[in-house]
Amino acid sequence: MCQVDEDAHKDAQLETKAVLSVSQKCMKCKEGSAVLIIRVGDAFCGNCFREYFVHKFRAMLGKNRLIFPGEKVLLSVSGGPASSALLSQVQEGLRRETSKKLRFVPGIIYVDEGAACGQSLEERGEVKSQLESIFRASGFPFYIVHLEEVFNLPSSVLLSASSASDRRNESYKEAVDGFIQRASSGTQSETRQGSSSYKEVQTLLSELSTQEWSGEGGTVTNRSPPFTPEQTEAVRTLLASVKTLTAREELLKTLRQHLILHTARVRGYSKVMMGDSCSRLAVKLLTNISLGRGAFLAMDTGFSDPRYGDIAIVRPMREYSSKEIAFYNRMFKVPSVFTSALDTKEPEKASIHRLTESFISKLQADFPSTVSTIYRTSEKLNTACPRPIADGELTEKCLLCLCALDTGAEEATAFHATLISENLSRNRTPDTIPALGVAKQQCCASGGEQKESCGDRVDGCHSVDRTSFTPELQTLLCYSCRLIIKDMTSVNSIPEYILSEAERRKRRAQMKEEIQDFLLNPENDAGEVTVS
């Protein structure tokens, strides 16, 4: 009994020692009083915390050296705490009086997802007006894109283009020195010519930035939205056809990424900055493993994501925890706007995303190193080396996420057994699966005016209806994206650019199979040349 009381007394003493006080001194300057404790024992005063926060952002960019001077970088801002802190850090780094200032050219993009969340036009307009005021104050050009515009995207957005400005062989130091020399020479010539001052130039830029609307070059005020009520209803129909919230969130994320990618290409941006924090990436890592995206963790959670070729995704906020971001925004009055999402007010077990986030948050409350441990694990991940391919042959990529297909498994695998089980459950053989085709009302031969199917015409495209080609569509997807399509009740509501690209890929594969016997093997051809 005495032993039990003694142990209880020791536990009480340990709990008392674990309680920290904000009256202690700053751990960095040792002089100022601490105003916040971000980790166990890490107490900071206001000035030291600001320096710590700013230095971490610049150190992340300087360590990776992926953004060259003069490059156009698009900041993806949703209005949340992390993306608002990202915008604040870029503004801080581009100030004239800042030492070691950032040297890239920023722009801002905001994707309005109000149609997916069931918001009215008035609610969406109120959110956009708040964000526009923040964007105008930054002085950067900004683009407001609506989710309905996915129905206007070209199929080329699903092509992984090669980088037009490949600077991998260029020295980063040489690029910086050249940029400084050009800037100094330009400043001297401007001084001789008596050009406008820096403030005047910034004023002109801020005026120009207000003339961008939804990537179409219209004016943001007194204009009707660049989408129709039919497109809004089409978005809701598309998301309503997905049975689970998990697949709905993954589909929405994919469509959002396509809009950002298309805007970056049209506007000439080579990099896209995301505001993913350390806490968000920890949740994303475990979620993606649960969703079967383990092969793509390095790209989904790493600092850079080069899957698109000409556009690179960078995550400079990945070293910050959500707690650090919240404290910084509150202490230094960084404005942010709340926007509802698909999982807003949803229960804990509504989706895998929500359940994983709740699990990590509760674990982090008892074990403060949980998030950092998961995050450090993601830093050790690398993308697997792609399989060797023949000259001129492109690596097969997923139709939705544009990652390399991970479905080329051998026969003695669980994935192959799953495919066999699915085929048997449908009671179909590969010969009876219908081929992909275009919709009858959009037939290439009839031009949409002929009522009969062009498959009956000699000059027709021999298309079929799109009501039952889900098995064929799944062959163009990675394992994770296949789960999204499986959760859909119908694929007819999928945007046209995805279906068109799927049809193009299938026709190309069929054509290659037909002429396979007439193609020369590059290895044999090279051997014959060497012998002769």
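Residues numbered from 1 in each chain as written. Predicted model: local features only at pLDDT ≥ 70, side-chain atom pairs only at ≥ 80, totals over all residues. Heavy atoms only, no water.

Novice: Mind laying out the overall build of the protein chain, listing which residues take part and the relevant values?
Specialist: Scanning the protein chain from terminus to terminus reveals 19 helices and 8 strands. The 532 residues of the protein chain split such that 42% are buried. Partitioning the contacts of the protein chain with sequence separation of at least 6, the portion at a separation of at least 24 is 73%. (Helix = DSSP H or I, 4+ residues; strand = E, 2+ residues; numbered from the N terminus. Buried < 20%, exposed > 50% of the residue type's maximum accessible area, 1.4 Å probe, protein only. Contact = heavy atoms within 4.5 Å.)

Novice: Describe the environment of methionine 299, and please don't skip the residues or the numbers.
Specialist: When you line up the elements, methionine 299 lands in helix H11 (residues 297–301). On the basis of relative accessibility, which here comes to 10%, the residue methionine 299 falls in the buried class. It is 9.9 Å that separates the C-alpha atoms of methionine 299 and valine 314, two residues lying 15 residues apart in sequence. Methionine 299 has contacts with Ser304, Asp305, Pro306, Arg307, Arg315, Thr383 and Cys403, leaving out every residue within four places of it along the chain.

Novice: Go over the side chain of aspartate 300 with me, naming the residues and quoting the values.
Specialist: The residue aspartate 300 is located in helix H11 in this model. For aspartate 300, a relative accessible area of 4% gives the class buried. For aspartate 300, the contacting residues outside a window of four places in its chain are Leu281, Lys284, Asn288, Arg293, Arg307 and Arg315.

Novice: Got a sec to walk through the packing of aromatic side chains? Specific residues and values, please.
Specialist: A complete count under the given rule lists 10 aromatic pairs for this structure. Seen from their ring centres, phenylalanine 135 and phenylalanine 142 are 5.6 Å apart, and the 45° between their planes marks the pair as tilted. Directly above the ring of phenylalanine 332 sits arginine 50, whose terminal nitrogen or CZ lies 4.7 Å from the centroid. Here the basic side chain of lysine 72 rests over the ring of tyrosine 269, its NZ or CZ set 4.5 Å away from the ring centre. (Phe/Tyr/Trp six-rings, centres within 6.5 Å; stacked < 30°, edge-to-face > 60°. Lys NZ or Arg CZ within 6 Å of the ring centre and 35° of its normal.)

Novice: Tell me about the environment of valine 314, and please be specific about residues and values.
Specialist: Along the chain, valine 314 falls in strand S8 (residues 312–314). Here the alpha-carbon distance between valine 314 and glycine 302, two residues 12 residues apart in the chain, equals 8.1 Å. Sequence-distant contacts of valine 314, that is, excluding residues within four places in its chain, are made with Leu66, Ile67, Val272, Met273, Met274, Phe303 and Ser304.

Novice: Quick one: what's the story with the pattern of salt bridges, residue by residue and with numbers?
Specialist: Per the counting criterion, the structure on display carries 23 salt bridges. In this structure, arginine 293 engages aspartate 300 in a salt bridge whose closest nitrogen and oxygen atoms are separated by 3.0 Å. Exposure class is identical for arginine 293 and aspartate 300. Each is buried. Here the residues in one salt-bridge network are Arg293, Asp300, Asp305 and Arg307, joined through shared partners. (Salt bridge = Lys/Arg side-chain N within 4 Å of Asp/Glu carboxyl O.)

Novice: Can you explain the pairing of strand S4 (residues 105–112)? Please cite residues and give values.
Specialist: With 7 of 8 residues buried, S4 is to be regarded as a mostly interior element. Where S4 meets strand S5 (residues 142–146), 5 bridges bridge the pair, whose relative direction is parallel. Bridge pairing in S5 links tyrosine 110 to isoleucine 144. (Pairing = 2+ DSSP bridges.)

Novice: Describe the pairing of strand S1 (residues 36–39), and please don't skip the residues or the numbers.
Specialist: Sheet topology note: the S1/strand S2 (residues 42–44) ladder contains 3 bridges and is antiparallel. Among the inter-strand pairings, isoleucine 37 is bridged to a residue of S2, identified as alanine 43. The antiparallel hairpin formed by S1 and S2 contains 2 residues in its connecting segment, where glycine 41 sits at a positive phi of about 90°.

Novice: Provide a residue-level description of the sheet that holds strand S3 (residues 72–76), including the pertinent values.
Specialist: Within a sheet, adjacent strands bond to each other through the backbone by hydrogen bonds, running parallel or antiparallel. An order of S5-S4-S3-S6-S8-S7 is seen for the 6 strands of this open sheet, with the pairing classed as mixed. Since the sheet does not close on itself, it has two edges, and those belong to S5 and strand S7 (304–305), each with one partner. In this sheet, strand S6 (residues 271–273) lies alongside S3 in parallel orientation, the contact comprising 3 bridges. In the strand pairing of S6, valine 73 is matched with lysine 271. Along the sheet face, helix H9 (residues 245–267) touches S3, S4, S5, S6 and S8 and points at about 145° away from the line of S4. (Axes fitted to C-alpha atoms, helices over the stretch in contact; angles between N-to-C directions.)

Novice: An account of unusual backbone geometry is needed here, citing residue identities and associated values.
Specialist: One non-glycine residue with positive phi stands out, namely arginine 65, at about 55°. Looking at the element boundaries, arginine 65 is found in the loop between helix H2 (46–64) and S3. Unusually for a residue other than glycine, leucine 402 sits at a positive phi of about 65°. Within the secondary structure, leucine 402 sits in the loop between helix H14 (370–379) and helix H15 (414–426).

Novice: Explain the packing of H2 against helix H12 (residues 322–331) to me, and be specific about the residues and the numbers.
Specialist: As a packed pair, H2 and H12 sit with axes 11 Å apart at the nearest point and diverge in direction by 120°. The orientation of H2 with respect to H12, classified from their angle, is oblique. With respect to the hand of their crossing, H2 and H12 are arranged in left-handed fashion. Across the interface between the two elements, Gly46, Phe49, Arg50, Tyr52, Phe53, Val54 and Lys56 from H2 touch Glu324, Ile325, Phe327, Tyr328 and Met331 from H12. Across the contact of H2 with H12, the residue classes break down as 8 nonpolar, 1 polar and 3 charged. (Parallel < 35°, antiparallel > 145°, perpendicular 65-115°, else oblique. Left-handed = near helix turned anticlockwise from the far one by under 90°. Nonpolar A, V, L, I, M, F, W, Y, C, P; charged D, E, K, R; others polar.)

Novice: Residue-level account of the nonpolar core, with values.
Specialist: Among the nonpolar cores identified, the biggest contains 54 residues, and Leu147, Leu255, Val272, Leu399, Ile494, Tyr497 and Ile498 are the most heavily contacted of them. If you list the elements that add at least two residues to this core, you get S4, helix H4 (114–117), S5, helix H8 (229–240), H9, helix H17 (479–486) and helix H18 (496–514). The leading source of residues in this core is H9, at 9 residues. Core analysis: the next-biggest nonpolar cluster, separate from the first, contains 52 residues, Val73, Leu75, Leu87 and Phe135 among them. (Core = buried A, V, L, I, M, F, W, Y, C linked by side-chain atoms within 4.5 Å.)

Novice: Run through the packing of helix H10 (residues 278–290) against H14, naming residues and quoting values.
Specialist: At a minimum axis separation of 9 Å, H10 and H14 run at an interaxial angle of 70°. By the angle class used here, H10 and H14 are roughly perpendicular. Relative to H14, H10 is oriented so that their crossing is left-handed. Residues Cys278, Ser279, Ala282, Leu285 and Leu286 of H10 form the contact with H14, whose own contacting residues are Val371, Ile374, Tyr375 and Ser378. By residue class, the composition of the contact of H10 with H14 is 7 nonpolar, 2 polar and no charged.

Novice: Outline the confidence of the model for the protein chain, listing residues and values.
Specialist: Looking at the protein chain, the pLDDT average stands at 78 and 69% of residues meet or exceed 70. Within the model, the stretch residues 189–199 combines pLDDT values under 50 with 4 contacts to residues more than four positions away or in other chains. For the stretch residues 430–442, pLDDT sits under 50, and the model shows 31 contacts to residues farther than four places along the chain or on other chains. (pLDDT = per-residue confidence, 0-100.)

Novice: Before we move on, can you summarise the side chain of glutamate 501 with the specific residues and values?
Specialist: For glutamate 501, the position within the fold is in helix H18. With a relative accessible area of 1%, glutamate 501 lands in the buried category. Those residues in contact with glutamate 501 that sit more than four places away from it in its chain are Ser155, Leu158, Leu159 and Leu399.

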